[in-house]
Amino acid sequence: MNKYLKYGLYSVGGFVAIFAAVLTYIALTFDPNTYKPQIIQAVKESKQRTLKLDGDIKLFFFPSIGARLGQVALSEFKSENEFASIGEARVSLAFLPLLANQVVVDEVLLSGVKANVIKYKDGTSNLDDLLTKSSEAEKPKEPSAPIKFDIASVRIDDTEFSYLDEMSGAQYSIKKLKLNTGRIANGVASKIEFAAQIIANQPKVDIATQLKTTLTFDLEKSIYQLQDLDVQVNGAVLDITDLAVKLGLDANANLSEEIYSAKKLAFTASGMKGKERFEAKLDVPALGMVKNDISVDGVALKAQLDAAFGKVVAALTLPSVKGDMEKFKLSDLTINLDVTQPEQAFKVKLSTPIAANLKTQQFNLSDLVISVNATGDKLPGKTISSELKGSVQADLGRQSIQANLAGGLLQSQIKAKLGFTNFAKPAIRYDLEIDQFDADLYIPKSAEEKVEKTAEPEQPFDLSALKPLNIEGSLRVGALKAANVRVKQLRVDVKAKDGIVKVAPFSANLYNGSVISDIAVDASKAQPAFTVNAKLNGIEIGPLLQDALQMDFVNGKGSVGINITTQGDRVSLLKKGLNGTLNVNLADGAVKGINLAKSARDLGKGGDKTQVADKTEQTDFSELKATFKIINGVAHNEDLSMKSPFVRVGGKGVINVGNDSLDYLVKATLARTAEGQGGKDNVGGLTIPVRLSGPFTDLKFKLDFGAAVSEQAKQQVDAAKQKVTAATDAAKAKAQQEIDAQKAAAKAKAEAELKKGLGGLFK
């Protein structure tokens, strides 16, 4: 038996030696480079592309079977422009393992690979001809025994791919691609290193990425393991610069038994968005899933943002997660948020257990607690603590989220009901009641002072976010202070759908009066349109203007009616697009900046005088009425009427809201009194035209004394004419009376004599 085995082994050895000798002879005598023209011609005829084989083609057969190519290029379809190229390619297989149905790759090398893929405007690409399948029916392949493979190493260097979409203008490219591996085989721990630069313009991306890990797998058992995975990304994405991302973990997956686990998961990210820097860090010591059972231990997430308004630090902790793919519970989810600003600081803590059913997509936050602590010198008592409690239920299957909250929030007591349905086209319903709130306490002045006004071009505002809104709700606030304006019993009801937002009513008590209004915004059009109808009754207009706009030029109490429309996507367009009416009816107030009576008395004779507004002076009035018709941002007035014991004022002119300027003529008639407003009366009864003009920030008052004197002289001439006419008429009347008296006396005498004569005839 041993004899036959010995002869058999000799026979096999001899066969292998003979076969190896044949392969060696072929390798030494066969030159594939002589077939280059035929290969190039075959590609030209079959693919209509030009193949360039500038480097040598080398084949080797023993002890490995392989090939080596150098300097290969392929043109575009029916063009000489280069489509793809290879600097060098080398592949070799161990010969003997092939006899045992095993693939052992000694080496895979690719260097200097470049390829450019283009999608043309007509939807075709420069790959279409290469991807076209043969019209011949493919024969079904017979099942074969699995092939075991073993790769000694893979090396890819200096490789580039690019993609251009001419339809959208999108460009994507991968540059400096490198891949190096150790041995890749079942049960062998292989080190893998990968690096590449990724560049895109839609969205804007320019990043360099690196990956290192040790891969172990067993294809027969479907087991995969990653050890010491280290992924790093650096560069810019969208408007984020100095981006640095790191990910590290150990991961295991047993697909056949459905066991998955990860340990030492660590993720960090940092970068700059404009002038704001952010950092984030996630640590998960262990997480796993066995079939449907899930377990997570010790999740910790921390994030930090250094912004213009202050520093924000957020931390999330989750002790454990237990459950399965259908149901799980989070024992105590805690989120801490710290906000530090120059004048104040906030500490917010949110804690809640969470029960979830992934099958029905239901989540229940049954015991939600939100506590807020604020500290700052301008806060009442320099500190405020509050606690808000409630619950949140989410049914994602039915696309519904409901929340009920009540309790303290900062210095306020609130009750809130919120509803959110239909995620594709969200429908939001809310009812919010707040006893009182001072928003100005939480607006840091220092942050406002840092904002520098520049002469940058005006940017349009975007109201497209209003188009999909479906909102209906009511907000009620007992007392509110915001932007220095104080209101009480505020109510704001909002309805929004299909880009049309209606606020009705918008009502409040403010400055010893009230306001009732309705506001509409139509964002469904290319240029958004606005409508405001408001009635202010019994308002102290001076304090309102001072608090809201820091304007101190008029005070008084009365009513204001506003009925205006406008449209535009810039503030300047809104001002220039104003149309409508404005009615003002004030009593017992003053126009600040000028004392008309005093200015007239100080003016004297000798010409006109122009003066700037003087905040220490004012013209008192008992009544002020005016109506304005607004056309394309210009308010026209013809009926200004202002009355006081010392002056009567009428006027007309325009207020150019679009250009923030005024051109107005006021005629002030001074009262005839021994003592008037501002001093002794020596110009009583005089009417003085006053021209108000210039920008709102630098108004000028011009008193036209010459015109006033001319007006007074005209009045005196008219009075003299009237006096002469009256005297002439009186003289004429007196003469006529004397004539009439003489006529009457003569008639009476004649009648007497006639009677006497007739009387003698009848004696």
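Residues numbered from 1 in each chain as written. Predicted model: local features only at pLDDT ≥ 70, side-chain atom pairs only at ≥ 80, totals over all residues. Heavy atoms only, no water.

K.L.:
Explain the overall build of the protein here, please?
P.N.:
Helix and strand content of the protein: 9 helices and 40 strands. A burial count over the protein gives 32% of its 763 residues as buried. A total of about 46100 Å² of accessible surface is found on the protein, and carbon and sulfur atoms cover 59% of it. (Helix = DSSP H or I, 4+ residues; strand = E, 2+ residues; numbered from the N terminus. Buried < 20%, exposed > 50% of the residue type's maximum accessible area, 1.4 Å probe, protein only. Areas by Shrake-Rupley, 256 points an atom, 1.4 Å probe, with all protein chains shown as cover.)

K.L.:
Explain the side chain of S412 here, please?
P.N.:
With respect to the element layout, S412 can be found in strand β23 (residues 412-421). Here S412 falls in the buried class, since its relative accessible area comes to 2%. Reaching out from S412, the side chain makes a polar contact with the backbone oxygen of Q436 at a distance of 2.4 Å. (Polar contact = N/O pair within 3.5 Å; in protein donor to acceptor, adjacent residues only side chain to side chain.)

K.L.:
Any chance you could explain unusual backbone geometry here in plain terms?
P.N.:
Working note: non-glycine residues mostly have negative phi, and peptide bonds are mostly trans. Across the junction of Q202 and P203, the peptide omega takes the value 0 degrees, indicating a cis bond. Among the secondary structure elements, P203 is positioned in the loop between β10 (190-201) and β11 (204-218). Between A504 and P505 the backbone carries a cis peptide bond, its omega angle lying at 0 degrees. For P505, the position within the fold is in strand β27 (residues 500-510). You will see that K78, though not glycine, has its phi angle at about 55 degrees, which is positive.

K.L.:
How should I be thinking about the environment of A668 in this particular structure?
P.N.:
By the secondary structure assignment, A668 is in strand β36 (residues 661-670). Spatially, the C-alpha atom of A668 lies 5.4 Å from that of T687, the residues being 19 residues apart in sequence.

K.L.:
Would you mind going over helix α2 (residues 36-47) with me for this structure?
P.N.:
An α-helical segment advances 3.6 residues per turn. Residues three or four places apart therefore align on the same side. Between its first and last C-alpha atoms α2 spans 16 Å; for 12 residues at 1.5 Å apiece the expected length is 16 Å, and the two agree. Of the residues trailing α2, Q48 is marked for its positive phi of about 55 degrees. (Expected span 1.5 Å × (residues − 1).)

K.L.:
Would you mind going over the side chain of S270 with me for this structure?
P.N.:
By the secondary structure assignment, S270 is in strand β14 (residues 259-273). Setting aside residues up to four positions removed in sequence, S270 forms contacts with D242, L243, A244, R277, F278 and E279. (Contact = heavy atoms within 4.5 Å.)

K.L.:
Sorry if this is basic, but what is going on with the pattern of salt bridges here?
P.N.:
Opposite charge on two side chains allows them to pair when their charged atoms are near. All chains considered together, the criterion is met by 22 salt bridges. For D250, the salt bridge goes to K264, with nearest N and O atoms at 3.2 Å. On the criterion of sequence distance, the pair formed by D250 in strand β13 (residues 240-254) and K264 in strand β14 is long-range, its members being 14 residues apart. Between E279 and R277 there is a salt bridge, with the nearest N and O atoms lying 3.8 Å from each other. (Salt bridge = Lys/Arg side-chain N within 4 Å of Asp/Glu carboxyl O.)

K.L.:
Can you help me understand a nonpolar patch on the surface in this one?
P.N.:
On the surface, L219, Y224, L255 and Y260 cluster together into a nonpolar patch covering about 330 Å² of accessible area. Considering the arrangement of structural elements, one finds L255 in the loop between β13 and β14. Look at L255 and you get partly exposed, because its relative accessible area is 42%. (Patch = residues over 30% accessible without salt bridge, like charges linked within 9 Å, V, L, I, M, F, W, Y side chains within 5 Å.)

K.L.:
What am I meant to see in the environment of K488 here?
P.N.:
The residue K488 is located in strand β26 (residues 485-497) in this model. As for K488 and Q436, which are separated by 52 residues in sequence, their C-alpha atoms are 8.7 Å apart. Apart from residues no more than four positions distant in its own chain, K488 is found in contact with V477, G478, A479, A508 and N509.

K.L.:
Looking at this structure, I do not really get the packing of aromatic side chains. What am I missing?
P.N.:
One pair of aromatic rings is described through two measures. These are the centre distance and the angle between the planes. Under the criterion given, the structure shown has 2 aromatic pairs. Between F420 and F423 the ring centres are 5.6 Å apart and the planes differ by 40 degrees, which places this aromatic pair in the tilted class. Note on F420: relative accessible area 28%, which makes it partly exposed. Sitting above the plane of the F83 ring, R49 keeps its charged end 4.9 Å from the centroid. (Phe/Tyr/Trp six-rings, centres within 6.5 Å; stacked < 30°, edge-to-face > 60°. Lys NZ or Arg CZ within 6 Å of the ring centre and 35° of its normal.)

K.L.:
What is the right way to look at the pairing of strand β9 (residues 170-181) in this model?
P.N.:
A regular strand places its side chains on the two faces of the sheet in alternate fashion. Summarising the sheet, strand β8 (residues 154-165) and β9 pair through 8 bridges and their orientation is antiparallel. What sits directly across from T159, in β9, is L177. Between β8 and β9, which pair antiparallel and follow one another directly, the connecting turn spans 4 residues, one of which, G169, has a positive phi of 80 degrees. Relative to β10, β9 is paired through 8 bridges, and the arrangement is antiparallel. Bridging from a neighbouring strand, N180 pairs with E193 of β10. (Pairing = 2+ DSSP bridges.)

K.L.:
Could you clarify how one ought to interpret the confidence of the model for the protein in this entry?
P.N.:
Of the residues in the protein, 76% reach a pLDDT of 70 or more, and the chain-wide mean stands at 80. Contacts of residues 1-23 to residues separated by more than four positions or lying in other chains number 4 contacts, the stretch itself having pLDDT below 50. Counted against residues more than four places away or in other chains, residues 674-683, with its pLDDT under 50, gives 25 contacts. (pLDDT = per-residue confidence, 0-100.)

K.L.:
Teacher, can you tell me more about the pairing of β8 here?
P.N.:
Strand direction decides the pairing type here: strand β6 (residues 114-119) and β8, joined by 6 bridges, are parallel. Within β8, the position partnered with K114 by the bridge is E160.

K.L.:
In this structure, what is going on with the environment of K415? I would like to understand it.
P.N.:
For K415, the location among the structural elements is in strand β23. Separated by 11 residues in the primary sequence, K415 and N404 have C-alpha atoms spaced 7.9 Å apart. Ignoring any residue separated from it by four or fewer positions in sequence, one finds K415 in contact with L405, D431, L432 and E433.

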